[in-house]
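Working through the structure, step by step
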Amino acid sequence: MFRRLLVLSSKSILFLWFVVCLGCSAQAPTEINQRIERQLRASYSVPPTVKVLISAPHASEFPNYDAVSITFDGDGRKQNYEFLLSKDQKTLIRMTKMDLSKDPYAETMKKIDVKGRPVRGNPNAKVVVVNYDDFQCPYCSAMHETLLKLLKEYGDRVAFIYRDFPLSEIHPWAIHAAVDANCLADQNHDAYWDFADYIHANRQVVNSEKGLDNQFAALDRITNTEAGKFKLDGGKLQACLKAQADANVRSSMKEGESLGVNGTPTLFINGRMIDGARPVAEFQSLFDEALKQAGVTPPVHSAAAAPAPVSH
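As the structure is a prediction and not an experimental result, all values here were calculated from the model. (Residues numbered from 1 in each chain as written. Predicted model: local features only at pLDDT ≥ 70, side-chain atom pairs only at ≥ 80, totals over all residues. Heavy atoms only, no water.)

On to the layout of surface pockets. Roughly 390 Å³ of volume is contained in the second largest pocket. Lining of the second largest pocket is provided by 20 residues; of these, Arg117, Asn182, Asp186, Asn248 and Val249 occupy positions nearest its centre. Residue assignment for the lining of the second largest pocket shows that the elements contributing at least two residues are strand S9 (158-164), helix H5 (174-185) and helix H10 (247-258). Looking at which element gives the most residues to the lining of the second largest pocket, the answer is H10, with 5 residues. (1 Å grid on protein atoms, 1.4 Å probe; cavity = no way out; pocket = protein on both sides within 12 Å on 5 of 7 lines; lining within 4 Å. Points joined across faces, edges and corners; volume = space filled by probe spheres on them. Helix = DSSP H or I, 4+ residues; strand = E, 2+ residues; numbered from the N terminus.)

Alternating residues of strand S2 (residues 51-54) divide into Val52 and Ile54, all buried, and Lys51 and Leu53, none buried. Direction of pairing for S2 relative to strand S4 (residues 65-74): antiparallel, over a ladder of 4 bridges. Of the residues in S4, the one forming a bridge with Lys51 is Asp73. (Buried < 20%, exposed > 50% of the residue type's maximum accessible area, 1.4 Å probe, protein only. Pairing = 2+ DSSP bridges.)

This part takes up the pattern of salt bridges. Counted by the stated rule, this structure contains 13 salt bridges. Residue Asp156 is joined to Arg157 by a salt bridge in which the shortest nitrogen-to-oxygen separation is 3.3 Å. Residue classification places Asp156 among the exposed residues on the basis of a relative accessible area of 53%. In this structure, the salt-bridge partner of Arg221 is Glu209, at a minimum N-O distance of 3.4 Å. Residue Arg221 is located in helix H8 (residues 212-229), and its partner Glu209 is located in the loop between helix H7 (203-207) and H8; the two are separated by 12 residues in the primary sequence. The exposure class assigned to Glu209 is partly exposed, which follows from its relative accessible area of 26%. (Salt bridge = Lys/Arg side-chain N within 4 Å of Asp/Glu carboxyl O.)

Next up on the list: helix H6 (residues 189-201). Residue pairs spaced three or four apart in an α-helix point in one direction, given the helix's 3.6 residues per turn. Over its 13 residues, H6 runs 19 Å from end to end, which matches the ideal 18 Å to within 8%, given 1.5 Å per residue. Looking only at H6, the buried set comprises Ala191, Tyr192, Trp193, Phe195, Ala196, Ile199 and His200. (Expected span 1.5 Å × (residues − 1).)

For the rest of this paragraph, the subject is the side chain of Arg203. Turning to its location among the elements, Arg203 is positioned in helix H7. Apart from the residues within four sequence positions on either side, Arg203 is in contact with Phe135, Gln136, Cys137, Pro138, Ser141 and Trp173. (Contact = heavy atoms within 4.5 Å.)

Strand direction decides the pairing type here: S4 and strand S5 (residues 77-86), joined by 10 bridges, are antiparallel. Bridge pairing in S5 links Thr71 to Asn80. Linking S4 to S5, which pair antiparallel, is a turn of 2 residues; within it Asp75 sits at a positive phi near 55°. For S5 and strand S6 (residues 91-94), the ladder comprises 3 bridges, and the chain directions are antiparallel. The residue bridging Leu85 from the neighbouring strand is Leu92, located in S6. Linkage of S5 to S6, two consecutive antiparallel strands, is achieved through a turn of 4 residues, within which Gln89 is found at a positive phi near 60°.

What follows covers empty space enclosed by the protein. To find the voids left in a structure, one rolls a probe of water-molecule size over its atoms. Under the definition given, this model contains 1 cavity of 30 Å³ or more. Within this model, the largest cavity holds a volume of roughly 50 Å³. Those elements that provide at least two residues to the lining of the largest cavity are helix H4 (138-154) and S9. Considering each element in turn, the lining of the largest cavity owes the most residues, 4 residues, to H4. Tallied by class, the residues present in the lining of the largest cavity amount to 6 nonpolar, 1 polar and 1 charged. (Nonpolar A, V, L, I, M, F, W, Y, C, P; charged D, E, K, R; others polar.)

All right, on to the packing of H8 against helix H9 (residues 234-243) then. In the contact formed by H8 and H9, the axes pass within 11 Å of each other and the chain directions differ by 160°. It follows that H8 is roughly antiparallel to H9 by the angle criterion. Remark: the crossing between H8 and H9 carries right-handed chirality. Where H8 abuts H9, its residues Asp220, Thr223, Asn224 and Ala227 lie against Leu237, Gln238 and Leu241. Here the contact of H8 with H9 is composed, by residue class, of 3 nonpolar, 3 polar and 1 charged. (Axes fitted to C-alpha atoms, helices over the stretch in contact; angles between N-to-C directions. Parallel < 35°, antiparallel > 145°, perpendicular 65-115°, else oblique. Left-handed = near helix turned anticlockwise from the far one by under 90°.)

In structure tokens, the structure reads:
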């Protein structure tokens, strides 16, 4: 599939080589580009709707090879990759160059904006778990329940933070829910978490409403109830709900996409990406590993918990 080219496996070794035989003799640039494109489309099932843009060969740092920049342009996204083309134009190589002087997980965490976001657990923890969440997603609700269980075990050792990633194409009220939640967070972080707990446990309350406008109204009623519980500024909240400004939500979505998030739930445990809801025991193992790497002793675990759904 095309996605095989765009996403590298987490088990990739230091250098990942894709070698493609391109023919016998040097050809005119337009012909070699045609052969490169045909090989790439055939090898990686590149859809016809995706354009393959190939640069002219230019100098590389490897003897006997030129560099070729190839761009895959489709679905409103562009992905750029560097390939090596042998001087005799018989072989195309894709090589992944990795900078071992940098921690890739730490570099990922630098790209996640958690400033001002509500935190559960220990705000100063050495292990930070960021969850890209969708309030209308059933698997996110399963993940939320799992994280609540883990919070009881790891609350003093781990910081839990949510970022917005509503899949609006299939979840039409998810963006509205994210905006409402952020309106609460602007005034009180506990109110945000209380809203998240309620929505994830009671999505049917919103889904049972007929029509999108009624679902939006139901979300606003739930938000106002939370505001009353926490004695928030009603006027400020109403202005926020009415405006439905979604710039921060969409910024979070764009951030997630840049990190490779394409479904929910997706977690980053100190920068290590884990997609899909998983059993509690699997997350315990991942959390414990992250804690040990951070020099923190993991908690002693009780009996194994029941597994959660794994698809998303």
